Amino acid sequence: MKKVLLLCMLLSCLQHAQAQKTNGIIRGTLQDSASATLLADATVSVVRLSDSSLISFTLTDTKGRFEIKNLEAGSYYVVSSFTGLQTFKKNFVISPGNPIIDMGLIKMERFYKTLEGVVITEAPVRISGDTISYKADAFKTKPNATVEDLLKKLPGVQVERDGTVKAQGENVQKVYVDGKEFFNSDPKLATKNLTAEMVDQVEVFDDMSEQAKFSRIDDGSRTKAINLKLKKDKKKGVFGKAYAGAGRPGERFDMGLNANIFKGAMQTYVFAKNNNTNNIGFTVSDIVGTMGMGALTGSGMGMGGGMNVSGRGMMGGGGSTGGFSGGTNSGGITKSSNVGINYRDTWSKFFEVNGSYSFNHTNTGNERISNSKTFYPDSTRLQDAFSNSRRENDNHRINMNTVYTIDSFNSIIYNPNFNYQKTFNTFSRDSLDIGFEKESGGSYLANKILSLTNTTGDGYNWNNNLIWRRKFRRPGRTLSLNLSGTLGATKRNVQSAYDGDFFNAAGVKWRDSTANVLNVNESETNNFGLSFSYTEPIARDKILEFNYSHNSNESLSEREVLGFDAATGKYTVPNSRLSNNFENKNVSDRAGTNLRIVKKKYNYQLGFSVQQTSINSNNLSTTKLLNQKFTNYFPTASFNYQFARSRSVRFNYRGSTRQPTVTQLQEVPDVTNPPNVYIGNPLLGQEFSNNFSLSYNFFDLIKFRNLFAVLTFNNTMNKITNAITQLRTGGQQTRPVNLDGAYNVSGTFNVGFPIKKMQGGNFNTNTRIAYGRDVTMINDVENFTKNLTVGEDLRLSYNYKEKLDMGIGVSSNYTRVRYTNTDYARNNQNYFTHALSADVTHTFPKGIILSTDFDYTLYTGRTDGFNQNFALWNAGLAKELFKNKRGEIKFSVYDMLNQNIGITRNASDNYIEDVRNSVLNRFFMLTFTYRLTRMGGRAMPAIMERATRGIRITQ
């Protein structure tokens with residue numbers, strides 16, 4: 001069946017490729033009619049006459065010449081544009097008898113005149129500084145496509161199965177809409193809910209903080225971001241869609257509504273979703289957040305700091321066919337409900353406001369089977385675990401961004417946000433068998449444990465940030481003051497009961513252990529920050545900055561453990577050994593200076609700062625007080641060189657510190673994950689990291705070739721890591737300590753280019769390699785773990801007009817783990833994950849759309865029973881309805897072969913675990929979708945035009 005499917009895909013591709021045998025060419029030379037100057041770098045586009053869709057484009061060379069090849073037979077018009085000159089347009093026809101059109105010398109007039117019928121006059125891709133701008137209409141998507149579908153078409157942009165967006169090898173942290181934040185920092189709410197037809201341009205750029213944008217001094221906040229510039233005709237009226245679907249078996253349902261409402265300067269976006277198909281549609285932090293996952297991990301080791309090395313998530317990759325993936329899930333089958341509203345308006349020429357509210361409810365059930373190995377010098381601990389769990393969470397999130405422009409020199413920005421989360425109906429039933437395999441030979445069962453955990457709790461965070469900015473008459477002279485504050489509190493009740501039997505190497509039970517306790521954990525945070533920055537131009541191309549910041553962070557942790565009183569049926573018996581109140585205060589003062597020099601081809605920045613930090617830890621239960629002081633020096637440097645408009649290199653260095661958390665400092669045993677114990681370390685110090693990055697970007701605007709390479713290196717001194725001690729019970733004690741010797745280096749190399757002989761075809765390859773050395777302490781012996789990971793992704797995509805959209809991809813990931821301590825050399829690991837994927841969407845006459853995606857995944861090197869290969873095949877058949885094609889009825893099949901499995905591997909310190917989680921298996925769904933479109937409203941005022949120009953303005 002799999003071979004037949006792939007053969008059909010290839011035949012479909014070849015069928016359409018055969019239809020393009022006519023290799024038409026159009027060429028010519030552009031000249032300024034007034035000065036007779038040949039026009040270099042003018043844009044020349046070929047547009048299909050029938051539907052005004054862009055076929056190809058190029059830029060003229062230094063002598064004004066252009067040539068566009070590989071045109072199939074048909075009617076077109078050529079559009080030539082150059083800044084300050086009249087746009088030129090002329091029709092032409094390519095036929096087998098006349099495949100070459102030579103337009104000779106084209107003289108472009110100096111005056112501007114609007115030409116009727118010209119739809120596309122600008123290049124599909126433009127580069128301005130560090131911003132790459134894509135013309136959305138130049139990248140054809142399937143009907144009713146989302147922004148996520150559009151991003152998959154863009155050169156240099158990748159979309160992972162879970163919806164994570166990568167640009168130039170980096171994760172996209174924010175998505176803006178017309179330069180304004182959209183639901184704060186959750187990219188998926190924009191990419192999965194906004195439609196592609198609304199977007200005029202997609203801008204990919206390096207985002208910085210408000211302070212860095214204002215002062216033009218890089219403060220290290222640079223992250224990758226995307227700005228969606230909407231079409232002007234989509235800024236009036238109501239646009240959106242409503243859908244509802246039902247399926248079987250399992251009573252599956254998926255329904256939702258989203259709408260954009262524009263009225264003058266006001267824009268409102270609303271959405272509502274409800275489904276039980278794992279279509280979460282937001283980042284996983286929303287269901288973890290302030291509550292943490294410590295009590296929700298079932299029978300897991302709870303080691304912390306681990307890495308997921310699986311090439312495949314538990315979602316199984318539903319793709320876009322059935323619409324059943326769409327979100328991040330930590331395992332299991334989730335029912336989710338989400339509502340939200342994003343509002344922005346320009347109330348006057350002085351005041352702009354942008355805000356959002358969102359609520360989500362998740363209810364996840366999961367059966368988790370795991371097999372883990374924990375390595376010690378003389379033995380290997382083997383653990384088989386089974387967990388049946390349910391997690392239920394509510395999350396409310398409010399974000400605001402207000403800008404008050406006092407005058408042309410002064411402005412105030414206020415950013416408050418509030419987050420409230422609640423955990424309830426959360427429980428886990430676990431069973432685990434722990435045995436030991438001796439290095440000298442032989443094995444035995446150490447213990448059998450049955451446990452039940454029930455968790456409830458809630459928490460909130462309230463963050464405020466106030467910035468006052470002042471410009472002076474002299475360009476480059478600025479002053480800014482920033483006040484920030486955070487209030488937060490959490491309370492979590494964990495009821496845990498377990499029954500354990502412990503055996504010695506001879507198989508004799510030497511201990512029974514039972515417990516039934518209530519852990520009440522309460523914490524509070526109160527953080528305050530004050531900073532200012534002053535910049536002074538010391539020359540036309542040189543800016544000097546002086547900065548200072550003061551931060552005070554206070555944390556309080558109260559942990560009370562109560563035993564169960566059978567006589568009263570309540571938890572009333574105090575356990576002073578496990579209970580503790582702990583207070584921590586961290587105060588830092590930092591002063592520094594930066595020099596930024598900007599030249600035509602390059603710019604660089606050098607900086608230095610010094611920080612003094614004091615950490616005061618007070619164990620209120622034992623009256624132990626510890627004071628620590630640190631002095632750190634922070635050199636910073638960056639260098640950017642622009643070889644040409646489409647080629648640049650960037651280097652960055654930055655030093656940073658990380659302070660221990662109150663949990664890591666609190667010296668009291670945490671036994672909520674038996675038979676493992678975690679205990680804090682009040683003597684823990686801060687860690688210091690050096691971070692280097694080197695990147696190279698190249699984008700050929702004429703041939704559509706792109707190359708992005710990123711190399712990073714960082715090492716951490718005094719790293720906060722784990723000291724692990726083997727316990728007689730078969731468990732282990734974990735305690736944070738400071739150790740040296742950890743570092744990692746990684747590289748990403750991305751290449752993409754169109755295939756000349758397959759018009760509409762593109763090839764992309766992404767190579768990843770990372771090598772890291774981590775340090776830990778096991779039974780008082782220092783050990784280094786060396787991890788090498790190598791990955792390669794290959795993808796071929798092909799579009800034929802608006803009829804066929806297909807892609808074929810291959811991914812391979814290799815991981816090697818080596819231990820420097822010879823006692824662990826026997827446990828060195830090698831394992832692979834390979835994946836083959838294909839997706840096809842074909843539009844037939846009369847509005848019939850066939851879509852399918854296929855994934856085949858292979859695992860090797862894992863524990864027996866976890867090396868299963870599987871195929872996941874989804875398919876859908878849709879029919880567009882009504883004269884305006886606003887309606888659609890779709891029949892979808894998810895996991896047609898009923899083979900989906902959820903396997904992952906986790907590795908950390910002396911520990912490797914293979915896990916299988918519950919996943920959705922085969923079901924069928926029928927969905928009706930109706931597109932909401934109502935044009936109207938008054939024209940957009942000039943003030944709104946100014947407010948929605950976006951963060952980057954491309955020329």
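Counting restarts for each chain, with residues numbered from 1 along the sequence as it is written. It should be noted that, the model being predicted, local features are given only for residues of pLDDT at least 70 and side-chain atom pairs only at 80 or more, the latter also being counted only at that level, while totals for whole chains, interfaces and linings use all residues. Excluding hydrogens and water, the side-chain values take into account all heavy atoms of the structure.

Student: What is the right way to look at the overall build of the chain in this model?
Tutor: On a plain count of helices and strands, the chain comes out with six helices and 49 strands. Burial here depends on accessible area, computed with a 1.4 Å probe over protein chains only, as a share of the maximum for the residue type. Under 20% is buried, over 50% is exposed, and the range in between is partly exposed. Residues classed as buried in the chain amount to 50% of the 955 residues present. Whether two residues touch is decided by their heavy atoms; if any such pair falls within 4.5 Å, the residues are in contact. Considering only contacts within the chain whose residues lie at least 6 apart along the sequence, 67% involve residues at least 24 apart. Here the chain has roughly 41,900 Å² of accessible surface; of this, 55% comes from carbon and sulfur atoms. By definition, any uninterrupted DSSP run of H or I lasting at least four residues is a helix, any uninterrupted run of E lasting at least two residues is a strand, and each is numbered from the N terminus. Method for areas: the Shrake-Rupley scheme with a 1.4 Å probe, in which residue coverage is limited to the protein chains shown.

Student: Can you help me understand empty space enclosed by the protein in this one?
Tutor: Where empty space is left can be seen by rolling a probe of water-molecule size over the atoms. Buriedness of a pocket was judged along seven lines, with at least five required to meet protein on both sides within 12 Å; pockets are open sets of points on a 1 Å grid over the protein atoms alone, cavities are sets where a 1.4 Å probe fits but cannot get out, and lining residues have an atom within 4 Å of a point. Grid points are joined across faces, edges and corners, and a volume is the space filled by probe spheres set on the points. All chains considered together, the criterion is met by six cavities of 30 Å³ or more. Space inside the second largest cavity adds up to approximately 80 Å³. For the second largest cavity, the full set of lining residues is Asn-144, Thr-195, Glu-197, Met-198, Phe-239, Gly-240, Lys-241, Arg-931, Leu-932 and Thr-933. Of all the secondary structure elements, the ones that give two or more residues to the lining of the second largest cavity are strand 16 (237-248) and strand 49 (923-934). Classification convention: Asp, Glu, Lys, Arg as charged; Ala, Val, Leu, Ile, Met, Phe, Trp, Tyr, Cys, Pro as nonpolar; all other residues, Gly among them, as polar. Class assignment of the residues belonging to the lining of the second largest cavity gives a composition of three nonpolar, four polar and three charged.

Student: I'm lost on the nonpolar core in this one. Help?
Tutor: For soluble globular proteins, nonpolar side chains are generally found buried alongside one another. Working definition of a nonpolar core: buried Ala, Val, Leu, Ile, Met, Phe, Trp, Tyr and Cys residues. They are joined through side-chain atoms within 4.5 Å. With 44 residues, the main nonpolar core has Tyr-134, Leu-151, Val-202, Ile-226 and Leu-228 as its most contacted residues. With residues near it in sequence (within four places) discarded, Leu-151 still touches Val-157, Val-159, Val-165, Thr-191, Val-202 and Ile-226. If you look at the next biggest cluster of nonpolar residues, it comprises 19 residues, including Ile-26, Leu-39, Ala-42 and Ile-55.

Student: How should the pattern of salt bridges be read in this particular structure?
Tutor: Between side chains of opposite charge, a pair can form as their charged atoms come close. Basic side-chain nitrogens of Lys or Arg form a salt bridge, by our definition, when they fall within 4 Å of a carboxyl oxygen of Asp or Glu. In total, this model carries 27 salt bridges according to the counting rule given. Across the pair Glu-913 and Arg-368 runs a salt bridge whose closest N-O atoms are separated by 3.2 Å. Of this pair, Glu-913 sits in strand 48 (residues 911-917) while Arg-368 sits in strand 21 (residues 351-375); the two residues are 545 residues apart in sequence, bridging distant segments of the chain. Classification of Glu-913 by relative accessible area gives buried; the value is 3%. Judged by relative accessible area, which is 15%, Arg-368 ranks as buried. With a shortest N-O distance of 3.2 Å, Arg-474 and Glu-536 are connected by a salt bridge. Of this pair, Arg-474 sits in the loop between strand 24 (443-471) and strand 25 (478-503) while Glu-536 sits in strand 26 (residues 509-539), and the two are 62 residues apart along the sequence. Judged by relative accessible area, Arg-474 falls into the partly exposed class, the value being 39%. Given a relative accessible area of 15%, Glu-536 falls into the buried group. In the salt-bridge network here, residues are joined through shared partners; they are Arg-27, Glu-67 and Lys-69.

Student: Which parts of the structure should I look at to understand the packing of aromatic side chains?
Tutor: How two aromatic rings sit relative to each other is set out by the distance from centre to centre and by the angle between their planes. Within 6.5 Å between ring centres, the rings of Phe, Tyr and Trp (the latter by its six-membered ring) count as paired, and their orientation is classed by plane angle as stacked under 30 degrees, edge-to-face over 60, tilted in between. In the structure shown here, the tally under the stated rule is 28 aromatic pairs. Summarising the aromatic geometry, the rings of Phe-608 and Tyr-633 are spaced 6.2 Å apart at their centres and angled 20° between planes, so their arrangement reads as stacked. With Phe-608 in strand 30 (residues 602-619) and Tyr-633 in strand 31 (residues 624-644), this residue pair connects regions lying 25 residues apart in the sequence. Here Phe-608 falls in the partly exposed class, since its relative accessible area comes to 41%. An angle of 45° between the planes, with centres 6.4 Å apart, marks the rings of Tyr-743 and Tyr-771 as tilted. Taken as a pair, Tyr-743 in strand 39 (residues 742-754) and Tyr-771 in strand 40 (residues 761-778) lie far apart in primary sequence, 28 residues in all. Judged by relative accessible area, which is 23%, Tyr-771 ranks as partly exposed. Among the aromatic side chains, those forming a connected cluster through ring pairs are Tyr-602, Tyr-604, Phe-639, Tyr-641 and Phe-643. Counted as over-ring charges are cases with an Arg CZ or a Lys NZ within 6 Å of the ring centre that also lie within 35 degrees of the ring normal. Sitting over the face of the ring of Phe-424, Lys-422 holds its NZ or CZ atom 5.6 Å from the ring centroid. Residue placement shows Arg-773 over the ring face of Phe-784; its charged tip is 4.2 Å from the ring centre.

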